[in-house]
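# Coordinate inspection notes
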Amino acid sequence: MDALLQTLSTWIDPKTIGDLALAWGGRVAAALLVFLIGRIIARTLTLWFRRAVGRVGIEDTLSHFFGSLVYIVLLTFVALTAVAILGVPTTNFLAMIGAAGLAIGLAVKDSLSNFSSGVMLVFFRPFKVGDYIEAAGVGGTVQAIGIFNTVVKTPDNRVITIPNSLVYAGTITNYTAEPTRRIDLVIGISYDDDVAKAKTLIGEIVAAEKRVLADPAPALLLLELADSSVNIAVRPWVATPDYWSVRGDLLERIKRTLEDNGLSIPFPQRDLHIVSQPAPGQ
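Residues numbered from 1 in each chain as written. Predicted model: local features only at pLDDT ≥ 70, side-chain atom pairs only at ≥ 80, totals over all residues. Heavy atoms only, no water.

### Digging into the sheet that holds strand β9 (residues 230-235)
- Pairing is antiparallel in the open sheet, where 3 strands are placed in the order β7-β9-β8. Edge positions in the open sheet fall to β7 (185-189) and β8 (219-225), since each of these has one partner strand only. Taking each pair of neighbouring strands and ignoring which way they run, the sheet shows an average axis angle of 30 degrees.
- As paired elements, β7 and β9 share 5 bridges and run antiparallel to each other. Across the sheet, the residue bridging to glycine 188 is asparagine 231, located in β9. (Pairing = 2+ DSSP bridges. Helix = DSSP H or I, 4+ residues; strand = E, 2+ residues; numbered from the N terminus. Axes fitted to C-alpha atoms, helices over the stretch in contact; angles between N-to-C directions.)

### Considering the pairing of strand β1 (residues 132-135)
- Here β1 shows one buried face, formed by Ile133 and Ala135, and one open face, formed by Tyr132 and Glu134.
- The sheet contact formed by β1 and strand β2 (residues 138-145) spans 4 bridges and is antiparallel. Following the sheet pairing, alanine 135 is matched in β2 by valine 138.
- With antiparallel pairing between neighbouring strands as the criterion, β1 and β2 make up a hairpin whose turn holds 2 residues, including alanine 136 at a positive phi of roughly 55 degrees. (Buried < 20%, exposed > 50% of the residue type's maximum accessible area, 1.4 Å probe, protein only.)

### Some details on the environment of asparagine 261
- Considering the arrangement of structural elements, one finds asparagine 261 in the segment after α8 (243-260).
- Put simply, asparagine 261 and lysine 197 are 64 residues apart on the chain and 9.3 Å apart in space, counted from C-alpha to C-alpha.
- When near neighbours in sequence (up to four residues on either side) are disregarded, asparagine 261 contacts Lys197 and Leu201. (Contact = heavy atoms within 4.5 Å.)

### A word on the sheet that holds strand β4 (residues 159-163)
- Ordered by their spatial adjacency, 5 strands build an open sheet running β4-β3-β2-β1-β5, and the pairing between neighbours is antiparallel. The sheet terminates laterally at β4 and β5 (173-174), the two strands that pair on one side only.

### Quick look at helix α7 (residues 195-208)
- Across its 14 residues, α7 extends 20 Å between first and last C-alpha, which sits within 8% of the 20 Å expected from 1.5 Å per residue.
- Where α7 is concerned, the buried positions are Ala198, Leu201, Ile202, Ile205 and Val206. With its buried residues spanning 135 degrees around the axis, α7 presents them on a single face. Exposed side chains of α7 directed beyond 90 degrees from the buried face belong to Ala207 and Ala208.
- For α7, the N-terminal cap is aspartate 194; the gap from its side-chain oxygen to the backbone nitrogen of alanine 196 is 3.0 Å. (Expected span 1.5 Å × (residues − 1). Arc of directions from axis to C-beta. Polar contact = N/O pair within 3.5 Å; in protein donor to acceptor, adjacent residues only side chain to side chain.)

### Structural notes on the pattern of salt bridges
- One pass over the structure, following the stated rule, counts 9 salt bridges.
- Taking the shortest distance from any N to any O, the salt bridge between aspartate 156 and arginine 158 comes out at 3.1 Å.
- Classification of arginine 158 as partly exposed rests on a relative accessible area of 47%.
- Between arginine 253 and glutamate 209 there is a salt bridge, with the nearest N and O atoms lying 2.6 Å from each other. Remark: glutamate 209 occurs in the loop between α7 and β8 and arginine 253 occurs in helix α8; sequence separation between them is 44 residues. (Salt bridge = Lys/Arg side-chain N within 4 Å of Asp/Glu carboxyl O.)

### A look at the packing of α7 against α8
- As a packed pair, α7 and α8 sit with axes 10 Å apart at the nearest point and diverge in direction by 140 degrees. Here α7 lies oblique to α8, going by the angle between them. Here the hand of the crossing between α7 and α8 comes out right-handed. Residues Ala198, Leu201, Ile202, Ile205 and Val206 of α7 touch α8, and the partners they reach there are Leu250, Arg253, Ile254, Thr257 and Leu258.
- When the residues that make up the contact of α7 with α8 are grouped by side-chain class, the tally is 8 nonpolar, 1 polar and 1 charged. (Parallel < 35°, antiparallel > 145°, perpendicular 65-115°, else oblique. Left-handed = near helix turned anticlockwise from the far one by under 90°. Nonpolar A, V, L, I, M, F, W, Y, C, P; charged D, E, K, R; others polar.)

### Description of unusual backbone geometry
- Following aspartate 215, the chain continues to proline 216 via a peptide bond in cis, the omega torsion being 5 degrees.
- By the element assignment, proline 216 lies in the loop between α7 and β8.
- One non-glycine residue with positive phi stands out, namely arginine 125, at about 50 degrees.
- Judged by its relative accessible area of 43%, arginine 125 falls in the partly exposed class.

### Looking at the nonpolar core
- Ile202, Ile254 and Leu258 are the most contacted members of the largest nonpolar core, which totals 20 residues.
- Ignoring sequence-local partners within four residues, the contact set of leucine 258 consists of Ile187, Ile189, Ala198, Leu201, Ile202, Leu263 and Ile265.
- Counting residues in each nonpolar core, the second largest holds 13 residues, with Phe65, Ile147, Val152 and Ile162 among its members. (Core = buried A, V, L, I, M, F, W, Y, C linked by side-chain atoms within 4.5 Å.)

### Side note on the packing of aromatic side chains
- What the rule picks out here adds up to 2 aromatic pairs.
- Centre to centre, the rings of tyrosine 243 and tryptophan 244 are 5.0 Å apart; their planes meet at 90 degrees, and the pair counts as edge-to-face.
- Judged by relative accessible area, tryptophan 244 falls into the exposed class, the value being 62%.
- Positioned above the aromatic ring of tyrosine 243 is the side chain of arginine 181, whose terminal nitrogen or guanidinium carbon lies 3.8 Å from the ring centre. (Phe/Tyr/Trp six-rings, centres within 6.5 Å; stacked < 30°, edge-to-face > 60°. Lys NZ or Arg CZ within 6 Å of the ring centre and 35° of its normal.)

Laid out in structure tokens, this is it:
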């Protein structure tokens, strides 16, 4: 009991407490200073890395992705250095991190799946920032390809974040991967109308549209004899950015021109024939 009291009196001694406070206070201050300065340096080096890889021709998608990885590695190194200043053995600390990492890895397997999918998206590059895609049931312009998520902006200005695992595991449609696209229109006319006249009028409209490409040449053909109409396929090629504007303009001009020339665009209709039968006994 006396030994315990003597030990407590030693620890409670103001001089001892002051020495401990100075020693640990200096370590904590040094560790915080190293961490704060190291984080600033890590951000600076990451920004320099992104600019450097951009100068050699690597696109923004790859530079941002690898920049994020570089920042995480540098920040981990800074954190370990700060922990070492506190006097914690880094070897034991790394062993603890490894054990904890295994447990965390099992718990966050979905996040690891998103990370691995992000790596595959970056390396195989089915799309890049700025492309208009449809993936995981969402269509929009790609804003960013992150480590865990892909961010797209829809035409009505909604920003949607999609887990990378859902993007990579499903079908990806890239609408802007190629410089040109084909417009597929189906124009129906009545069975009583002159097919040759309709094709001539439609061909003149397509030829007059300056945004339609000459090569590949537009295709105009009789597609099918449908239930309520004779369908004509109109397939011009345009530059990808002009796709929707040209499509809308052609539809409007074709409808107006056909109507002005006495041709009709029928709508589905069904004839019902009611047969009356005499009642039993009559």
